[in-house]
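These are the residues of each chain, in order.
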Amino acid sequence: MKRDPVVIIVVAMVVSLMLVIGMNLARKRTPPLEGPQGRGEVAPDFALQSLDGKTVHLSDFRGKAVLLNFWATWCAPCKIEMPWFVELQKEYGPQGLQIVGVAMDDASPTDIADFAKEMSVNYPVLIGKESVGDAYGGVQFLPETFYIDRNGRVVSRAFGLKGRGEIEDDIKKIVASNLVQAQKQVR
Amino acid sequence: MLNNIAKTAFFIAVSAALLYGQNPPGRKVPSVTLLPTPVANVFRGRGNPVELQFRVQSGFHINSNKPAAEYLIPTTLKIDAQTDIMLGGVTYPEGEQMSFAFAPEEKLSVYSGNFSLSVMVRPLASVLPGRYAFRGELKYQACDNAACYPPKKLPVRFEVKVVKPSPPRRKNPAQSPHVHN
């Protein structure tokens, strides 16, 4: 049986078109991600141990712009971000930024502390718990970063490694926008 | 005919779209699978390498057995030993030296796509011939170009067939190299 090439081409085009439309429809039907999405939801509070054994609550940083970074020692992209966070903490700390690292790691606190020391981390690193990860949407992969304003609201959420410029832009937003909100509240 | 082709095309398109929709963009979960392993014949009283083939899902990589940095989690295979079938070491392939967008200047030693590990199986001379199953797990930690996923353990199962070694070939009696006149 001889097949008309025009028919085959038309069928191939129709299949491709259907695939594209179908994929877009399927994407739109995807259930929403769990945890705060960065639309102004209140960041879930937590109580976690710091590397020096103190109990730290997220609410301890209320009034500051918080970059909450979930990471692990085995995560190569997380290691790329850390020197940027160190620099950004130095640069934006005086403007009210507080970077907080949460290690979602099976490694011992000593190993995590050694790693943080090796990376010259200048911000608090907390020992993560699964329940805290769950409260933030499961944290199924790392790094994952939440940008929290001075009122404790999540204004953006970043999955995976982002460029330094993108991180800095998000930091500027939480520092600047929250200052405006703080002024409004004062008025 | 065109009608049939169109129906088939529609079915393929809908199925593909639904399958694609299971994993929203950026939220795919990496997987490593053990490819079907044919039952290997292993001889009693000697070491027999048995090859296990694994596949890393496209778009992901896992650390090799000797990752580039101490803090990275190596891929390891552990098989439960049996009493009368000894297991020797696992031979791991060398990792591919690859750099990724998150660290373009740093080379990581990784496995991606298909890779195979070799397990040395040595049945004692007293083992009864027959099929024997082994169980174990492959521990790996996967990443893509921008993120890493928690370490996982893949259950591994394979079978071998213990057979008697073939008897040594009977050599012909040596011929005298000398020419007798």
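Residues numbered from 1 in each chain as written. Chains lettered and ligands numbered in written order. Predicted model: local features only at pLDDT ≥ 70, side-chain atom pairs only at ≥ 80, totals over all residues. Heavy atoms only, no water.

Caption draft 1: View of a negative patch on the surface. A contiguous patch of negative charge, built from D111(A), D114(A), E118(A) and E70(B), is present on the exposed surface. Structurally, D111(A) can be placed in helix α3 (residues 109–118). According to the relative accessible area criterion, D111(A) is partly exposed, its value standing at 44%. (Patch = residues over 30% accessible without salt bridge, like charges linked within 9 Å, V, L, I, M, F, W, Y side chains within 5 Å. Areas by Shrake-Rupley, 256 points an atom, 1.4 Å probe, with all protein chains shown as cover. Salt bridge = Lys/Arg side-chain N within 4 Å of Asp/Glu carboxyl O. Lys, Arg positive; Asp, Glu negative; His and termini not counted. Charge placed at Lys NZ, Arg CZ, Asp CG, Glu CD. Helix = DSSP H or I, 4+ residues; strand = E, 2+ residues; numbered from the N terminus. Buried < 20%, exposed > 50% of the residue type's maximum accessible area, 1.4 Å probe, protein only.)

Caption draft 2: Geometry of the sheet that holds strand β7 (residues 96–100) of chain B. Residue and element names in this part refer to chain B. One open sheet holds the four strands; their spatial order is β7-β8-β4-β11, and the pairing between them is antiparallel. Unpaired on one side and paired on the other, β7 and β11 (142–143) mark the two borders of the sheet. Examined bridge by bridge, β7 and strand β8 (residues 103–111) share four bridges and lie antiparallel to one another. The partner of E96 across the bridge, within β8, is V110. (Pairing = 2+ DSSP bridges.)

Caption draft 3: Highlighting the state of the cysteines. All names here are of chain A. Under the definition given, this model contains two disulfides over all chains. Note on cysteine connectivity: C75 is disulfide-linked to C78, with sulfurs 2.2 Å apart. Taking the torsion about the sulfur-sulfur bond, which here is approximately 80 degrees, the covalent link between C75 and C78 counts as right-handed. A single burial state applies to C75 and to C78, both of which are buried. (Disulfide = S-S within 2.5 Å.)

Caption draft 4: Focus on the environment of L138(B). With respect to the helices, strands and loops of the structure, L138(B) is situated in strand β10 (residues 130–140). Between the C-alpha atoms of L138(B) and K153(B), which are 15 residues apart in sequence, the distance is 5.5 Å.

Caption draft 5: Structural context of the pattern of salt bridges. All names here are of chain A. A full pass over the atoms with the stated rule returns eight salt bridges over all chains. Of the charged contacts, one joins R164 and E87 as a salt bridge, the two residues approaching to 2.8 Å between their closest N and O atoms. On the criterion of sequence distance, the pair formed by R164 in helix α5 (residues 164–186) and E87 in helix α2 (residues 76–92) is long-range, its members being 77 residues apart. A cluster of three or more residues bridged by salt bridges with shared partners is formed by E87, R164 and E168.

Caption draft 6: Structural view of the side chain of Q89(A). Positionally, Q89(A) belongs in helix α2. Among all residues touching Q89(A), those that are not within four sequence positions of it are P94(A), L97(A), Q98(A), I99(A), N122(A) and Y123(A). (Contact = heavy atoms within 4.5 Å.)

Caption draft 7: Highlighting the confidence of the model for chain A. All names here are of chain A. Per-residue pLDDT for chain A has a mean of 85; in total, 81% of the residues score no lower than 70. Confidence, expressed as mean pLDDT per element, reaches its minimum in chain A at helix α1 (residues 5–28) with 63 and its maximum at strand β5 (residues 97–103) with 98. In this model residues 26–31 is a low-confidence stretch, pLDDT under 50, and it forms six contacts with partners more than four residues away in sequence or in other chains. (pLDDT = per-residue confidence, 0-100.)

Caption draft 8: Structural view of the pairing of strand β8 (residues 153–159) of chain A. Residue and element names in this part refer to chain A. Of the strand pairs in this sheet, strand β1 (residues 41–42) and β8 are connected by two bridges, and their pairing is antiparallel. For E41, the partnering residue across the bridge sits in β8 and is V154. Pairing of strand β7 (residues 144–148) with β8, which is carried by five bridges, proceeds in the antiparallel orientation. Bridge pairing in β8 places F146 opposite R157. In textbook terms, the turn of a hairpin is the stretch between consecutive antiparallel strands, and for β7 and β8 this stretch comprises four residues, one of which, G152, has a positive phi near 80 degrees.

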